[in-house]
Amino acid sequence: MEVVITDGPAAIGRLVADAIDQVLRSSEAPVIGLATGSSPLPVYQELIARHRDGAITFEHAQAFLLDEYIGLPEGSPQSYRTFIEAQLTDHIDLPNRALDGPSAARVEDASAAGRCYEQRIAAAGGIDLQLLGIGSDGHIGFNEPSSSLASRTRAKTLMDATRHDNARFFDGDTDAVPRHVITQGIGTILDARHLVLIAMGESKAAAVAAAVEGPLTAMIPASALQLHRHATVVLDEEAASRLRLDTYYREAFDNKPHCQGI
Ligand code: F6R
């Protein structure tokens, strides 16, 4: 796993946008996995700026979302599709039909919907680069602690801590945060060719340390990145503050041959 410690959101935005830019240029049908939440926002702002400058195009790309709430009315401002449209895709030239996400009206529909979603990802050729955030409990996607490391897209029940964390998108009302979600499984996420996990802030430091330096365990779903051949963890100083090998990660990145990309 490559760990990159940066001096903040602007550097994270540039570094990860460079990696996405490379995917967009190196494939005729690039496939990007998008995450919602606060962590990827510096990347989305950088991508929008580069698109406005004419430096990148998403014309031939496809994008897949990690997860979605179950039970929100269609078009709800809190839905992850609406979020990603507002934060990214309304501002770039990704065709409307090229944005896909898991969705299920009811928990009972999620298994079938999950299977179809996996087929659509496979039909696109698989995901070239998957963006990830990390929950303060170590979740990725909405795979809460104890999720199977081999899981595929399906319904999950959110833990109260995650609903509390996400209440900021629901006017601070934890009860308004849906209890059920449909999410790519950890096995689904591991199928992507490059995983890029972004974490910022002290509140993520313990989860990051457990995921990067702790044992592989279903209790820290993000520790599954240890199994991946090409996983990059991009951090600010606060999120990196509990890493024991931080000096080593900095030296390794600074001495990377040829370039300092990820
Ligand atoms: C979002 C997602 C979640 C978030 C995580 C961190 O699509 O799957 O795993 O990445 O909850 O959220 P933020 O970035 O808001 O701290």
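Above this text you will find the structure in question.
Worth saying up front: this structure is predicted, and the values here are computed from it rather than measured. (Residues numbered from 1 in each chain as written. Predicted model: local features only at pLDDT ≥ 70, side-chain atom pairs only at ≥ 80, totals over all residues. Heavy atoms only, no water.)

## Some remarks on helix α2 (residues 41-52)
And step 1. With 12 residues, α2 ought to run about 16 Å at 1.5 Å a step, and its terminal C-alpha atoms sit 16 Å apart, in line with that.
And step 2. Of the residues making up α2, those classed as buried are Pro 42, Val 43, Tyr 44, Leu 47, Ile 48 and Arg 50.
And step 3. In the core, the buried residues of α2 are packed alongside α1 (9-26), β2 (31-34), α3 (80-87), β6 (129-132) and β9 (194-199). (Helix = DSSP H or I, 4+ residues; strand = E, 2+ residues; numbered from the N terminus. Expected span 1.5 Å × (residues − 1). Buried < 20%, exposed > 50% of the residue type's maximum accessible area, 1.4 Å probe, protein only. Contact = heavy atoms within 4.5 Å.)

## Thoughts on unusual backbone geometry
And step 1. One non-glycine residue, Ser 146, adopts positive backbone phi at about 90°.
And step 2. The topology assignment puts Ser 146 in the loop between β6 and β7 (154-157).
And step 3. Despite not being glycine, Asp 171 has its phi angle at roughly 55°, a positive value.
And step 4. Relative to the elements of secondary structure, Asp 171 occurs in the loop between α5 (160-166) and β8 (180-183).

## Things to note about the environment of Arg 250
And step 1. Among the structural elements, Arg 250 can be located in helix α8 (residues 246-254).
And step 2. Counting along the chain gives 148 residues from Arg 250 to Pro 102, while the straight-line C-alpha distance between them is 37 Å.
And step 3. With sequence-adjacent residues up to four places away left out, Arg 250 is seen in contact with Ile 5 and Glu 237.

Interpretation in functional terms is not warranted from these geometric data alone.
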